Every structure is written in structure tokens, then in C-alpha cells.
Amino acid sequence: MKRARWGAAIGFAVFLAGVLPGAAFAGSPGSVHLADADAPGMNLTPAQQQKLAALESASRAQSHDLFTQLQQIRGKLSDLYRKYDLDVAAATRLNQDLNRVQGQLLDQRLSDQQQLRRILTPDQFAQLQSSILRRPHPGEGHEGHDHRDQGWNSQ
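Conventions we followed
Residues numbered from 1 in each chain as written. Predicted model: local features only at pLDDT ≥ 70, side-chain atom pairs only at ≥ 80, totals over all residues. Heavy atoms only, no water. Helix = DSSP H or I, 4+ residues; strand = E, 2+ residues; numbered from the N terminus. Contact = heavy atoms within 4.5 Å. Axes fitted to C-alpha atoms, helices over the stretch in contact; angles between N-to-C directions. Parallel < 35°, antiparallel > 145°, perpendicular 65-115°, else oblique. Nonpolar A, V, L, I, M, F, W, Y, C, P; charged D, E, K, R; others polar. Salt bridge = Lys/Arg side-chain N within 4 Å of Asp/Glu carboxyl O. Buried < 20%, exposed > 50% of the residue type's maximum accessible area, 1.4 Å probe, protein only. Core = buried A, V, L, I, M, F, W, Y, C linked by side-chain atoms within 4.5 Å. Patch = residues over 30% accessible without salt bridge, like charges linked within 9 Å, V, L, I, M, F, W, Y side chains within 5 Å. Areas by Shrake-Rupley, 256 points an atom, 1.4 Å probe, with all protein chains shown as cover. Expected span 1.5 Å × (residues − 1).

A. Spotlight on the overall build of the protein. For the protein, the count of helices and strands is 4 helices and 0 strands. Seen in sequence order, the protein has helices and strands lined up from the N terminus as α-α-α-α. Across the protein, every contact between residues at least 6 apart in sequence was considered, and the portion connecting residues at least 24 apart equals 64%.

B. Local environment of the packing of helix H2 (residues 46–81) against helix H3 (residues 88–119). In contact at an axis separation of 10 Å, H2 and H3 are set at 170° when each is read in the N-to-C sense. Accordingly, the angle class assigned to the pair H2 and H3 is roughly antiparallel. Along the lines of polarity and charge, the residues of the contact of H2 with H3 split into 17 nonpolar, 10 polar and 6 charged.

C. Region of interest: the pattern of salt bridges. Under the definition given, this model contains 2 salt bridges. Among the salt bridges present, the one from Arg60 reaches Glu56, with a minimum N-O distance of 2.9 Å. Remark: Glu56 and Arg60 occur in helix H2; sequence separation between them is 4 residues, near one turn of the helix. Residue Arg60 is classed as partly exposed on the basis of its relative accessible area of 34%. Overall, Glu56 belongs to the buried group, its relative accessible area being 11%. Between Asp79 and Arg82 there is a salt bridge, with its nearest N and O atoms 2.2 Å apart. When its relative accessible area of 38% is taken as the criterion, Asp79 is described as partly exposed.

D. Here's a closer look at the environment of Met42. Its place among the elements puts Met42 in the loop between helix H1 (2–17) and H2. A relative accessible area of 1% means that Met42 is categorised as buried. In this structure the C-alpha to C-alpha distance between Met42 and Phe125, which are 83 residues apart in sequence, comes to 8.3 Å.

E. Geometry of the nonpolar core. Within the largest apolar cluster, 12 residues are counted, these being Leu66, Phe67, Leu70, Ile73, Leu77, Leu80, Ala90, Ala91, Leu94, Leu98, Val101 and Leu105. Mapped by element, the contributors of at least two residues to this core are H2 and H3. Core analysis: the next-biggest nonpolar cluster, separate from the first, contains 10 residues, Met42, Leu55, Ile119 and Ile132 among them.

F. View of a nonpolar patch on the surface. There is a patch of nonpolar side chains on the surface, built from Tyr81, Leu86 and Val88 and spanning about 310 Å² of accessible area. By the secondary structure assignment, Leu86 is in the loop between H2 and H3.

G. Seen up close, H2. The first and last C-alpha atoms of H2 sit 51 Å apart over 36 residues, in line with the 52 Å expected at 1.5 Å per residue. Within the span of H2, buried status applies to Gln48, Leu52, Leu55, Glu56, Ser59, Ser63, Leu66, Phe67, Leu70, Ile73, Leu77 and Leu80.

Put into C-alpha cells, the structure is as follows:
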């Protein structure tokens, strides 16, 4: 059980490290699979593991709520766009709501990034970044590919 929790904590750290585009929580940038997250040499302390697990739990709950809101707003907007007589005022309000919720997701992402850096040491963060850059993305059939030349690296 401890090993599984440690792996999940590392996995979330990899997600938060955010150098990969993707779809965490059904669409958030920076997603990775937890199976890819067992970065060697991280040497997390039990306190770090606990803090990462707490951050993951809070972030997932908040992200889930925001993505649910996004789906609802997009559904309403889609309904409006299917009608010939477009209610421009309603569509404008929904666009504003969509922008507000997307902004909240970006703000959450920034907060998560700040917290990740408070949990990991600079060396651990560098190790995590190095591990991510060497990992293939979905659909790539080779190991050890360096993604810095493709703009994946956020540095």
C-alpha cells in the first residue's frame, strides 16, 4: 500500500511538473500517466509523499468540479448554436462563463505548480523534469526520446 501511495504521489508530481501537453482530468494541460511516474532517484521523504498526496486530492476535486462546469457551459452553448435564431446575448454570457471557468483552471494550475516547488527540492524537481523529457508520449513507439526540440519543455 505504501508503494502504491508513493507511486501515486510521484505520478501527481509528474502531472504537476507540466512539461507535456495532454489531457489530465479530461483536458488539462500537463497530463501524464501514473504508470510513467516512477522517477528513479527522487528519494521523497514520507512528509513529501504525504504533501503530494494531499495536493493531488485537493487538486483533483477542484479540477473535477471545474471540468463539470465547463461541460455544462459547452453543452448550453452547443444547444444555442444548433438553433437558426441565435440568441447572441445568451451566447455572449456563456462565452464569458466559459472564459471565467477556464481562467480558474489556469489559476489552479499555477497554484499547484507553486505548491509542487514548495514540496520538492530543486534537485528532485530537476530529476523529475529529466525523467519526463526522456519519456515517450502516447503514440510514440520509442524510449528515451528527448522532447525539448518539440517545445514540450516548459523551461
